[in-house]
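# Per-entry structural report
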Amino acid sequence: MPALLVLALVVALGDGRPLFYREYRLGRHGVAFPQFKFRTLLPGSTGVRSVAPEDDPRIVGAGRWLRRWRLDELPQLFNVLRGDMSMVGPRPMPRAHADSLPERQRDIILSVRPGLTDAAALYFLAEDEVLAGTRDPEALYLSRLLPAKARMQVDSIRRWSPGADLLILGRTLASVWSPRARAKSVRALHSLLADSPSGGAFR
């Protein structure tokens, strides 16, 4: 709570109100819920596209820093307390992203409660940096990154265990604010994009 209050003050002083952004994402069994974040984009600009690379002009002052270190995601702890999300699970998707996946894959991902973090979230830690400077970041994300991410999420669900969740939580604390982990993610994602369109590294 103290960290959330400090970050709320940073957003208020740097970019004004509203402090929070609420977007409906799909939860377990496809039931939509309001996901909370600190606002990092210009008010009213979220409908332009669903992907915001690191160089997106919609990102406001403190938003770039908050997004880079995933601090904008901390209000989702309230979603965990509400029961919308778990600590570990596939990151919640907008309906349009879920609808772009094969039905069987989508059904598996939506069979569990979404989470704050999972193995795919750590692997794709630097996706905003990798998408920066591309001609159509949303199309690239939907055609290349999202399918690979979904395959990782399905694999994690099939291999679930309490020990695996604890390991992911530990890796998250060690990685999410680590420049080395981010650089590793950049290399992995560049390798993925250089691979076949089907994402051979995740077959």
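Now for a description of the structure that goes with this document.

If you tally the helices and strands in the chain, you get 10 helices and four strands. Listing the helices and strands of the chain from first to last along the sequence gives α-β-β-α-α-β-α-α-β-α-α-α-α-α. The C-alpha radius of gyration of the chain comes to 16 Å, within 12% of the 17 Å expected for a compact globule of 203 residues. Expressed as lengths along the three principal axes of its C-alpha atoms, the size of the chain is roughly 45 × 40 × 30 Å. Within the chain, buried positions represent 46% of all 203 residues. Counted over contacts in the chain with a minimum sequence separation of 6, partners at least 24 positions apart contribute 70%. When the accessible surface of the chain is totalled, it reaches about 10,700 Å², and 60% of it is carbon and sulfur. The average position of the 30 basic charges and that of the 20 acidic charges among the side chains of the chain differ by 2 Å.

Inspection of the sheet shows strand β1 (residues 20-26) paired to strand β2 (residues 32-38) by seven bridges, in the antiparallel sense. Its bridge partner lying in β2, E23 is registered against Q35. Linking β1 to β2, which pair antiparallel, is a turn of five residues; within it H29 sits at a positive phi near 60°.

All right, on to unusual backbone geometry then. A cis amide bond links R17 to the next residue, P18, at an omega of 0°. Along the chain, the position of P18 falls in the loop between α1 (2-15) and β1. For H29, which is not glycine, the phi torsion reads 60° and is therefore positive. By secondary structure assignment, the location of H29 is in the loop between β1 and β2. Under the relative-accessibility criterion, H29 is labelled exposed at 62%. One non-glycine residue, R70, lies in the positive phi region at around 60°. With respect to the helices and strands, R70 occurs in the loop between α2 (63-68) and α3 (76-82).

Criteria and cut-off values
Residues numbered from 1 in each chain as written. Predicted model: local features only at pLDDT ≥ 70, side-chain atom pairs only at ≥ 80, totals over all residues. Heavy atoms only, no water. Helix = DSSP H or I, 4+ residues; strand = E, 2+ residues; numbered from the N terminus. Rg over C-alpha atoms; globule rule 2.2 N^0.38 Å. Buried < 20%, exposed > 50% of the residue type's maximum accessible area, 1.4 Å probe, protein only. Contact = heavy atoms within 4.5 Å. Areas by Shrake-Rupley, 256 points an atom, 1.4 Å probe, with all protein chains shown as cover. Lys, Arg positive; Asp, Glu negative; His and termini not counted. Charge placed at Lys NZ, Arg CZ, Asp CG, Glu CD. Pairing = 2+ DSSP bridges.

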